[in-house]
Every structure is written in C-alpha cells, then in structure tokens.
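Given next are the chains, with one letter for each unit.
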Amino acid sequence: MKFLQYLKNLSKFLICFIPPIVLIIILIFIPTLFTLVMCFENYGNSIRIILGKLEDRNFVNSIYNSFLYTLCTVTLQIILGYLTALLMFFIPKNRFSIFIWIIFFLPYAVPSTVAVISWSMSLREEGFISYVLKYFFNIDNYSWFKEYLLLSTIIVSVWQFYPFVYIGLLTSLRKIPHNLLRSSEIDGARFYQKIKYIIFPQTKKTLISIIVLRILLMFTKFDTPYLMGINNKSNELTLLPTYIYSLINISGINTISASAAMYFPLILVMLFTSIFILLRIKKLVNN
Amino acid sequence: MKRIFILIILISLLFFSLFPYGVLFIASCSSIPVDKGLHSISISELTIINFQHVFTNEFNILLCNTLRVSLTTTFIIIIFSILLSYSITRFNFKYKVYIEYILISCYLIPPILLIIPYSRLLLAFNLLNSLTGLVLTNTAFCFPVCAWFMIRYFESISTDLDKSGALDGASTFKILWNILIPQAKTGIIAISVLSFILSWNDISFSFFFSDNIEFKTFADGLEQFRISDPTYTNMPSFAASSFIVVTIAILLFGLLEYSIDKKFNKI
C-alpha cells in the first residue's frame, strides 16, 4: 500500500518535473555543452589566439569597459529603483497611482532599438540635452552621443532597466506586514528609522537577488551597447559581448572557439560569485 | 518641507522616465526633418500625418510577428514555470537546491555564445527563418529567470494550505489549480509581464536567425531601417512607428495592472 502511494506520488512529481527539465536540457544544456565543446575542441589554437588577443588593446579595453559599465549601471539602477519603490510605497493611493506606476514602468516596456533612437536624438550635438545645457549652464553644444559613448550607453541602460529593480522591490515592500510599520509609528520611529530598521532588513533578500541578477544581466548585455555603437565611428565602446560579436563577424567560425574560450573563465568567476551570493541568501532565509 | 522634497523627487523621476518618450512623440509629430534638434520645432509645425503613413504592409507584418512571438513565449513560459515551481517547492527530493543554481547559471550564459549552437539546432529542425524558431530561442532565454522568480513566489505560499486541501480530499492537480495558482496570481501576472517584455524587446535572436522581413520582430526590423538611414532622414516616420509600438505595450501593461488592482485592490 505504501509502495503504491509512493509510486503515485512519484508519477505526480515526474509529470510536473519532467517537461520543464526536458525544455532546459534541449534548449539550454545541449547548446551550452556544444559551446563548451567548441571552446576546447581546438584548445591549442584557442590558447594561441587568446594569448595573441591579450596584446590586443581592444580586448583589454573591452574587459575594463565591461566591468566599468556593469558597476556604474547596476549601482545607479539600484539607487533609482529603490528610491522609486519607496516613493510608490509611501505615497498614499489615489486615482493617479496607476498612471504613475505605468510611467515608472514605461522604460522597461520600450524596445532597445526605440530607446537608442530616442536617446541618440537627445544626446546629439543638436539634441535637446545639449540645448538645455547651453541654455542654462552655457556649456557649448557637444555631441555626448559621439564623444562620450560609454557614458551615454550607461545613461540609456540605467533608464531602460531601473524599472526592473523598482518592480522587484515594490513587490517585496508590499509584503511587509502593516502592523510592523504601524507599531513603529506608535513607538515614535522617524522616517529614516523605519527605513533602516524595518524596510531595509525586510527587503534585504530581494535586494541581494536583484543585485546578483542585474550584475549578471548587465555584464552579458549585448543589444544596447551594440546598437549605441553601430552608427558611431568611435571605438571607445567595446564591451566583451560586442567584442566577441565583432570577432565572430570578422573572422568566422575558427575564432568563435577562441572567443568562447575567452569568455569561459569569466563565466566561471561569475558562476562562483552567483552561487556564493545565492548560498548567502539561503542562509539569510534559514535565519 | 518633507512633502515638497518628496514631490520634487517624484517629479524628477517622472520626468526622467517620460523624457525619451516625449522626445519620440515630438519627433513623430514633426513635419520637418529633425536634423536641427527638436527644440527648434514650433507648435505650428507639428502634424499627425506621420502616423497615417505608419501602417504599411511591412510595419503590420513586424507588429504581428512580435505579438505572436511574445504571446506564445509567455504562454509556454508560464505553464512550464508553474510546473517546475510546483515540483520543486512541494516535493522533497535530493539536490533540488541545485536546480535554482542551474537556472541562475543558465540565465548567466550570454546569448551571443549560444548563437552558433542555436543556429545549428534550428537548421537541423528547419526552423531558421521561422517564428517557431524565435519562440524557442526566446523561451530558452527567458525561462530560467522567470522560473526562478516563480519558485520564489511558490515558496512564499504556506504549505498549510495544500495540507488542508489534501485533508479535504483534493487531488494534487486540484490543489495546484484551485489553491496555489490563485494564491500565486500576482506573481504569475508579474512573470507574464516580465517574459512578455523580454521577448517583445528582444533584438538578438531575430537579428541572427531571420533574414527575411516576414519573420523578423519589430525591434530588429526597425534597427534594419535605422542602419539603412544613418542621417535620420526618415526619423519622423521611425519615431511614429516606435511611438505606436511603445504605446501598445504601455496600454497592455496598464490593462494588466488595472486587472491586478481590481482583483487585489492593492494600489
């Protein structure tokens, strides 16, 4: 009887578990494995090319730019996202709340191409931002888009992705029991004390998860930096994904294994970092 | 004083969010080329004529393709994420914690590195230059993160509810359908929006796997037009079509949020 019950439970588990796992294996595992095999199948050649690439200034620049881009975009996204979530949490609900929610969420709904077109129009020499800077601060018209491409890309990426942080944190903020905040008010807690002792500890887990995800996503971001650089002659913006794409585009399949191999150590580092942070989250959950 | 400070921050953030959308709107309403900057356009030069030229055959195809790919991807992701989350959070088995790590690591893999294996996989099944191919690649890209979030949502639902359902004689799937899914409705809607946006905004897969405009999505199609026009001569018509696509997405999200608001009365 117990065995039959066990079999029944097992079949239910397998019905739920097998389809998504098959999806992961076919669509993610096999292609990843294929990429890894590709990294190492011609390893001697890959190593030789990588060693050659280390002397390539563009490759070293691309790594530096990728780290800088990730650091700046994630930090600014977290600051803006947290601020927006707090504002939406504390502002009393009214008939305009839904419109404000949509406006804050808007950048995330905009495709990268549209975001790049729109910002590049504003950041050009004749663009609106140059005009405003000239009008108010007497700064000469300047093509921010061409001369400071990395800075422009950081601005566009922050604008595009801070709603991700905002939505995640707002969901977490809405889960905080009202009793906690109310009792702190009765005890005479000030605004910053509520944030420090109640809101921040309650949203810490979500915040860490979001930071990990944002770091991983921004580090491997391809479309926005690529689109920002595509009609621009400046060589300033070479991030690792766009550099690998340029290698694939220029040299074809032989260099793909080398470029994959170049990416692989970085993937490992990020993998260990993410597992470490996930373990920390688990520890926090258990505590 | 505190209220004024909050109001200033709110207005600044609203302006930051809306600014490019406003730029897009002005550009799409301009009757002259936008080379000299949008600030030089006077109100009398604004027109809606660019919107009349948007609905060309190509734009309709791109929009229809994007909608089909995004909606199908979202549907597949939601079904599979619910199944995976349910099996992970409600059944005990060895190494289940590692599945979360696997999901995160899958999402970490840059799409650029998967292009060659995907192109071979799609070629093998004759799915290059097809919307099914785009749905599959988008599903592969969005599924890990959506499933990860869904697991978080399912974890937050108390198991006592399942137990009381089971005591009342409900089967496993009845518990899933009648207890867990209604409880996780907010999460499901949030994840639907997330996966819809990820596939709606995707440019890479359409860029690499579709040569034909018949099988391209809007973001990639627009990019092809932009590359062919680096001097922005046709900017007003680009801006008008972009404005329409963004507005459709916003209306959809507004509708979703409104439905959440009605259901949960939380905003």
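Residues numbered from 1 in each chain as written. Chains lettered and ligands numbered in written order. Predicted model: local features only at pLDDT ≥ 70, side-chain atom pairs only at ≥ 80, totals over all residues.

A. Structural detail: the overall build of chain B. Of the regular secondary structure elements, chain B holds twelve helices and zero strands. Starting at the N terminus, the α and β elements of chain B follow one another as α-α-α-α-α-α-α-α-α-α-α-α. Across the 267 residues that make up chain B, the buried fraction comes to 45%. When contacts within chain B are restricted to residue pairs at least 6 apart in sequence, those whose partners lie at least 24 apart make up 73%. (Helix = DSSP H or I, 4+ residues; strand = E, 2+ residues; numbered from the N terminus. Buried ≥ 20, exposed ≤ 12 C-beta atoms within 10 Å, placed from the backbone. Contact = placed C-beta atoms within 7 Å.)

B. A look at the overall build of chain A. Scanning chain A from N- to C-terminus turns up 13 helices and zero strands. Ordered by position in the sequence, the α and β elements of chain A form the string α-α-α-α-α-α-α-α-α-α-α-α-α. Residues counted as buried form 40% of the 287 residues belonging to chain A. Partitioning the intrachain contacts of chain A with sequence separation of at least 6 by distance along the chain shows that 75% fall at a separation of at least 24.

C. Quick peek at the interface of chain A and chain B. At the junction of the two partners, chain A supplies 69 residues and chain B supplies 74 residues. For the side of chain A that touches chain B, the element with the most residues is helix α1 (residues 2-41) of chain A, which contributes 15 residues. Residues belonging to the side of chain A that touches chain B are distributed by class as follows: 51 nonpolar, 13 polar and five charged. (Nonpolar A, V, L, I, M, F, W, Y, C, P; charged D, E, K, R; others polar.)

D. A look at the packing of helix α5 (residues 112-123) of chain A against helix α1 (residues 2-29) of chain B. Remark: α5 of chain A packs on α1 of chain B, axes separated minimally by 9 Å, with the N-to-C direction vectors making an angle of 85°. With respect to α1 of chain B, the axis of α5 of chain A lies roughly perpendicular. For the pair α5 of chain A and α1 of chain B, the contacting residues are Ala-115, Ser-118, Trp-119, Met-121 and Ser-122 of chain A in the first and Pro-20, Val-23, Leu-24 and Ala-27 of chain B in the second. Within the contact of α5 of chain A with α1 of chain B, the residues separate by chemical class into seven nonpolar, two polar and no charged. (Axes fitted to C-alpha atoms, helices over the stretch in contact; angles between N-to-C directions. Parallel < 35°, antiparallel > 145°, perpendicular 65-115°, else oblique.)

E. Quick look at helix α5 (residues 115-124) of chain B. Residues and elements named next belong to chain B. Within the sequence span of α5, burial applies to Ile-115, Tyr-118, Leu-121 and Leu-122. For α5, the angular spread of buried residues about the axis comes to 130°, placing them on one side. Seen from the open side of α5, the exposed residues pointing more than 90 degrees away from its buried face are Arg-120, Leu-123 and Ala-124. Taken from the residues just after α5, Asn-126 is the one with a positive phi, measuring 55°. (Arc of directions from axis to C-beta.)

F. Focus on the packing of helix α3 (residues 57-90) of chain B against helix α9 (residues 185-200) of chain B. Residues and elements named next belong to chain B. At a minimum axis distance of 8 Å, the contact between α3 and α9 shows a crossing angle of 140°. Here α9 runs oblique to α3, going by the angle between their axes. Both α3 and α9 take part in a crossing whose hand is right-handed. Seen from α3, the contacting residues are Thr-66, Val-69, Ser-70, Thr-73, Thr-74, Ile-77, Ile-78 and Ser-81; seen from α9, they are Ile-188, Ile-191, Ser-192, Ser-195, Phe-196, Ser-199 and Trp-200. Of the residues assigned to the contact of α3 with α9, the class counts are seven nonpolar, eight polar and no charged. (Left-handed = near helix turned anticlockwise from the far one by under 90°.)

G. Representation of the nonpolar core in the model. Counting residues in hydrophobic clusters, the biggest one holds 136 residues, and the most contacted among them are Ala-109 and Tyr-166 of chain A together with Phe-143, Cys-146, Ala-147, Met-150 and Val-246 of chain B. With 17 residues, the single largest contributor to this core is helix α6 (residues 131-156) of chain B. The residues touching Cys-146 of chain B, leaving out its near neighbours within four places in the chain, are Ile-77, Ser-81, Ile-191, Leu-194 and Ser-195 of chain B. (Core = buried A, V, L, I, M, F, W, Y, C linked by C-beta atoms within 7 Å.)

H. Looking closely at unusual backbone geometry. All names here are of chain B. One non-glycine residue, Asn-126, lies in positive phi territory at about 55°. Relative to the helices and strands, Asn-126 resides in the loop between α5 and α6. Here Asn-126 falls in the exposed class, since 10 other C-beta atoms lie within 10 Å of it.

I. Structural detail: the domain arrangement of chain B. Taken domain by domain, chain B consists of domain 1 (2-50) and domain 2 (55-228). Spacing between the C-alpha centres of domain 1 of chain B and domain 2 of chain B amounts to 34 Å. (Domains from an automatic or database assignment.)

J. Fine view of the environment of Asn-61 of chain A. By secondary structure assignment, the location of Asn-61 of chain A is in helix α3 (residues 57-90). Placed 182 residues apart in sequence, Asn-61 of chain A and Tyr-243 of chain A show a C-alpha to C-alpha distance of 9.7 Å.

K. Spatial organisation of the confidence of the model for chain B. All names here are of chain B. Here chain B shows a mean pLDDT of 80. Residues at 70 or above account for 88%. The element-level mean pLDDT for chain B is lowest in helix α12 (residues 235-264), coming to 73, with α3 highest at 89. Complex prediction metrics read pTM 0.79 and ipTM 0.80. (pLDDT = per-residue confidence, 0-100.)

L. Representation of the environment of Ile-198 of chain A within the structure. Residue and element names in this part refer to chain A. Following the sequence through the fold, Ile-198 ends up in helix α10 (residues 191-219). Assessed through the 17 C-beta atoms surrounding it within 10 Å, Ile-198 is described here as partly exposed. A C-alpha to C-alpha distance of 8.6 Å links Ile-198 and Ile-176, two positions 22 residues apart in sequence.

M. Just the environment of Gln-77 of chain A, in detail. All names here are of chain A. Positionally, Gln-77 belongs in helix α3. Looking at Gln-77, the number of C-beta atoms within 10 Å reads 24, which means it is buried. Sequence separation of Gln-77 and Leu-106 is 29 residues, and the distance between their C-alpha atoms is 15 Å.

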